[in-house]
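Descriptive structure summary
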Amino acid sequence: MTTGEIFAGVMFLWAMFQQYFPPYIQKYSQKLVSFVYPYIQITFHEFSADRWKRSEDYVAIENYLTACSSTRAKRFKAEIIKDTQSVALSIDDHEEATDEFQGVKLWWASNKTTPKNQSISFDPVADEKRCYKLTFHKQYRDLIVGAYLNHVIKEGKAIADRNRQRKIYTNNPSQNWYGYKKTLWSYVPFEHPATFETLAMESKKKEEIVNDLTIFCKGKEYHSIIGKAWKRGYLLYGPPGTGKSSMIAAMANLLNYDIYDVELTSVKDNTELRKLLTQTTSKSIIVIEDIDCWLNLAGQRKKKKEKEESKEKLIPKKGKESESESESKESNVTVSGLLNLIDGLWSACGEERLIVFTTSYVEKLDPALIRRGRMDKHIELSYCCFEAFKVLAKNYLDIDSHYLFPTIERLLEETNMTPAVVAEHLMPKSITDIDPETACLEDLIQALESAKELEGRVKAEKEAKEEEEGEEKLEAEKEAKEKEASQLQLLEK
């Protein structure tokens, strides 16, 4: 009799035992087997019961086994790492790998289960359940449950930090969250080259921001001691073209964080926003750009709703139904819902995260939204100064000094021009220029002089208009006084 036949016979007998023997006999038989069988098994599931968030321990174990089991397993899943010649291997489903810790041998197994029913599912990925199973001798229970598992989780997280490819995410519309290949976030590799060395701003301000970020990323124990969630809010404000997006990229490159770019207009309500943010990872920057534009839309929705409620009795039933359908497609995220996520109880659902708001019109923002504790640090990104210009000249022209620098310094003090516009004029326009540096600087000087002249003309027109309005106001007041005096004279007569 072959080994296969013996195994098939055992499986048949076990199936018959499960089908025909009463449950209480099965229960006692399992106890008997556990008394004789000297091994313990621990299961680590990929998702918790609510399936809201992937288990961080599962991911750490996956990373650990990917790095440690490449010589100990026989079947693997392969993934080519972008921009490298290497291939990342991980153990395949239903594959086993051995490990050893302080002389103790252990067995890991990758398992995947699918529903027993044969019905067709529109979401097979959601139906699948993955887990890792760890088996070891029961006499080493304390060693494995304590030191070994701590070692695996710690090493897995360290491997992830070393090998992770940074990404920039954007949220998908909620109708794409369900069904086959559902996903809340889409991403592409983050490859923005901006650094604090290349940012066009004063060196003192750059140093202050870098120090603040460095202290934050090393502040896990400090935040735990003071009882505060390990997060920090940044408000970046200034005219368009002053480098707010480049600042975010430089922050991500400095800290080696991912970026989650949240588009609030595609989020249906506060519940969906909460679900989105609970699916973000640690070591990330959550960005909401042009927050003032979203607040304007939220205010318009509120006014529209109040107006429609006042006319509710006049609207036919059919009209109401069509209107409710259109409203269901609009975003109903509220300001209070957003505040609860950045500063309320839900803000502690992740750690080591930056929350960044950007705006070109800070005066339009509600003070409650940007107060300290929510937006802890306010950074103004203003028009280009001479020190910022020198950074741009080094970046674009690779020069530290030039005889035209004093002229540019004087013009930058007399007129407003954003770093983006200055940078555009510093880009060489022709490959035939004998002296491209001088040509670019002369082009910038001409642009600054034109901007100065335009500003002067606009200022003169504004002053003339104000003077004209003042004269009209004085004349109106004079006419009113004369009219009042004539009326008094008529009353006296």
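1. Details of the overall build of the protein
The secondary structure content of the protein amounts to 17 helices and 13 strands. Taking contacts inside the protein between residues at least 6 apart in sequence as the whole, the part at least 24 apart equals 70%. Entry remark: accessible area of the protein is about 31400 Å², with carbon and sulfur atoms responsible for 54%.

2. Section: the packing of helix α3 (residues 56–68) against helix α5 (residues 141–163)
For any two helices packed against each other, one specifies the inter-axial angle together with the distance between the axes. Put simply, α3 and α5 touch, their axes get as near as 7 Å, and they point 80° apart. As judged from the angle between their axes, α3 and α5 are roughly perpendicular. Residues Glu56, Asp57, Ala60, Ile61, Asn63, Tyr64 and Ala67 of α3 form the contact with α5, whose participating residues are Tyr148, His151, Val152, Ile153, Glu155, Gly156, Lys157, Ile159 and Ala160.

3. Some words on the pairing of strand β9 (residues 231–237)
The buried count for β9 comes to six of seven residues, which makes it a mostly enclosed element. Pairing geometry for β9 and strand β12 (residues 353–359), over seven bridges, is parallel. Bridge pairing links Gly233 to Ile355 in β12. Across four bridges, the pairing between β9 and strand β13 (residues 377–380) is parallel. Across the sheet, the residue bridging to Tyr237 is Glu380, located in β13.

4. A closer look at the sheet that holds strand β4 (residues 96–101)
Reading across from one edge, β1-β6-β5-β4 is the order of the four strands in this open sheet, with antiparallel pairing throughout. At either margin of the open sheet sits one strand with a lone partner, and together these are β1 (39–45) and β4. Across this sheet, the average inter-strand angle for adjacent strands is 25°, counted without regard to direction. With respect to the sheet, α3 is in contact with β1, β4, β5 (104–113) and β6 (129–137), its orientation differing from that of β6 by roughly 65°.

5. Some details on the sheet that holds β13
Strands sit in the order β8-β7-β10-β11-β12-β9-β13 across an open sheet of seven strands; the sheet is mixed. Edge positions in the sheet fall to β8 (185–189) and β13, since each of these pairs with one other strand and no more. Strand-to-strand twist in this sheet, taken as the mean axis angle between neighbours without regard to direction, amounts to 20°. In this structure, strand β7 (residues 167–171) lies alongside β8, joined through five bridges in antiparallel fashion. Across the sheet, the residue bridging to Thr170 is Ser186, located in β8. Of the strands in this sheet, β9, β11 (284–288) and β12 are in contact with helix α12 (residues 335–343), which crosses β12 at around 140°.

6. Some details on the environment of Tyr383
Mapping Tyr383 onto the fold places it in the loop between β13 and α14 (386–397). Along the primary structure Tyr383 and Met417 are separated by 34 residues, whereas in three dimensions their C-alpha atoms are 5.5 Å apart. Once you skip the residues sitting within four places of it in the chain, Tyr383 turns out to touch Pro239, Thr242, Asn416, Met417, Thr418 and Pro419.

7. Re the packing of aromatic side chains
Under the defined criterion, the tally for this structure stands at eleven aromatic pairs. Consider the rings of Phe216 and Trp230, whose centres lie 6.1 Å apart with planes at 50°: the pair is tilted. Of the two residues, Phe216 sits in helix α6 (residues 203–217) while Trp230 sits in the loop between α7 (220–226) and β9, which places them 14 residues apart along the sequence. For Phe216, a relative accessible area of 3% puts it in the buried group. Taken together, a centroid distance of 6.1 Å and an interplanar angle of 85° make the contact between Phe386 and Phe405 edge-to-face. Of this pair, Phe386 sits in helix α14 while Phe405 sits in helix α15 (residues 405–414); the two residues are 19 residues apart in sequence, bridging distant segments of the chain. Each of the two residues, Phe386 as well as Phe405, counts as buried. Aromatic ring contacts, followed pair by pair, group Tyr169, Trp185, Tyr187 and Tyr260 into a single cluster. Here the guanidinium or amino end of Lys167 rests over the ring plane of Tyr187, the centre of that ring lying 4.3 Å away.

8. Examining empty space enclosed by the protein
In total, this model carries two cavities of 30 Å³ or more according to the counting rule given. Computed from the structure, the largest cavity encloses a volume of approximately 160 Å³. Looking at the largest cavity, it is lined by 18 residues, and the ones nearest its centre are Leu277, Ile286, Leu341, Arg353 and Ile355. Of all the elements in the fold, those that place two or more residues in the lining of the largest cavity are α9 (270–278), β11, α12 and β12. Looking at the lining of the largest cavity residue by residue, the classes come out as twelve nonpolar, three polar and three charged.

9. Some remarks on the state of the cysteines
Inspection of the entire model under this criterion finds zero disulfides. Free cysteine Cys385: the closest other cysteine sulfur is in Cys384, separated by 6.0 Å. Looking at Cys385, the relative accessible area reads 23%, which means it is partly exposed.

10. A look at unusual backbone geometry
The phi dihedral of Gln102 falls on the positive side, at around 50°, and the residue is not glycine. Here Gln102 is to be found in the loop between β4 and β5. Located in the positive-phi region is Glu352, a residue other than glycine, with phi close to 55°. You can see Glu352 is positioned in the loop between α12 and β12.

11. Concerning the confidence of the model for the protein
For any part of a model where pLDDT is low, the fine detail of the predicted coordinates should not be relied upon. Confidence in the prediction of the protein, expressed as mean pLDDT, is 80, and 76% of residues score 70 or more. Taken as a whole, residues 121–125 scores under 50 in pLDDT and shows ten contacts with residues more than four places along the chain or in a different chain. In the predicted structure, residues 320–327 sits below a pLDDT of 50 and forms six contacts with residues beyond four places in sequence or in another chain.

12. A short note on the nonpolar core
Counting residues in each nonpolar core, the largest one holds 28 residues, and the members touching the most others are Val262, Leu264, Leu273, Ile291, Leu338, Phe357 and Leu369. Among the elements of the structure, β9, α9, β11, α10 (291–310), α12, β12 and α13 (367–370) are those that each provide at least two residues to this core.

Rules and cut-offs
Within any chain, residue numbers begin from 1 and follow the written order of that chain's sequence. Local features in this predicted model are restricted to residues of pLDDT 70 or higher, and side-chain atom pairs are both shown and tallied only at a pLDDT of 80 or more, whereas totals for entire chains, interfaces and linings draw on every residue. Side-chain numbers here rest on the full set of heavy atoms in the structure, without hydrogens or water. Runs of H or I in DSSP of at least four residues are treated as helices and runs of E of at least two as strands, each being numbered from the N terminus. For this analysis, residues touch if any pair of their heavy atoms sits within 4.5 Å. Only the protein chains shown count as cover for residues, and the accessible areas themselves come from Shrake-Rupley with a 1.4 Å probe. Geometry is summarised by axes, namely lines fitted to C-alpha atoms with helices restricted to the contacting stretch, and by angles between N-to-C directions that run from 0 to 180 degrees. Roughly parallel here means an angle under 35 degrees, roughly antiparallel means over 145, roughly perpendicular means 65 to 115, and every remaining angle is called oblique. The cut-offs for exposure are 20% and 50% of the maximum accessible area for each residue type, with area from a 1.4 Å probe on protein chains only; residues under the lower value are buried, those over the upper are exposed, and the others partly exposed. Paired strands, in this sense, are two strands between which DSSP finds at least two bridges. Here a Phe, Tyr or Trp ring, Trp counted by its six-membered ring, pairs with any other such ring whose centre lies within 6.5 Å, and the pair is stacked when the planes are under 30 degrees apart, edge-to-face when over 60, and tilted otherwise. Two conditions define a charge sitting above a ring: the NZ of Lys or the CZ of Arg must be within 6 Å of the ring centre, and it must be within 35 degrees of the ring normal. Here the term cavity refers to a set of points on a 1 Å grid, laid over the protein atoms alone, in which a 1.4 Å probe fits but cannot get out; the term pocket refers to an open set having protein on both sides within 12 Å along at least five of seven lines, with lining residues being those that place an atom within 4 Å of a point. Grid points are joined across faces, edges and corners, and a volume is the space filled by probe spheres set on the points. All amino acids are sorted into three groups, where Ala, Val, Leu, Ile, Met, Phe, Trp, Tyr, Cys and Pro are nonpolar, Asp, Glu, Lys and Arg are charged, and the leftover types, Gly among them, are polar. In this description, the term disulfide denotes a pair of cysteine sulfurs within 2.5 Å. Confidence scores here are pLDDT values: one per residue, from the predictor, ranging 0 to 100. By nonpolar core is meant a set of buried Ala, Val, Leu, Ile, Met, Phe, Trp, Tyr and Cys residues that side-chain atoms within 4.5 Å join together.

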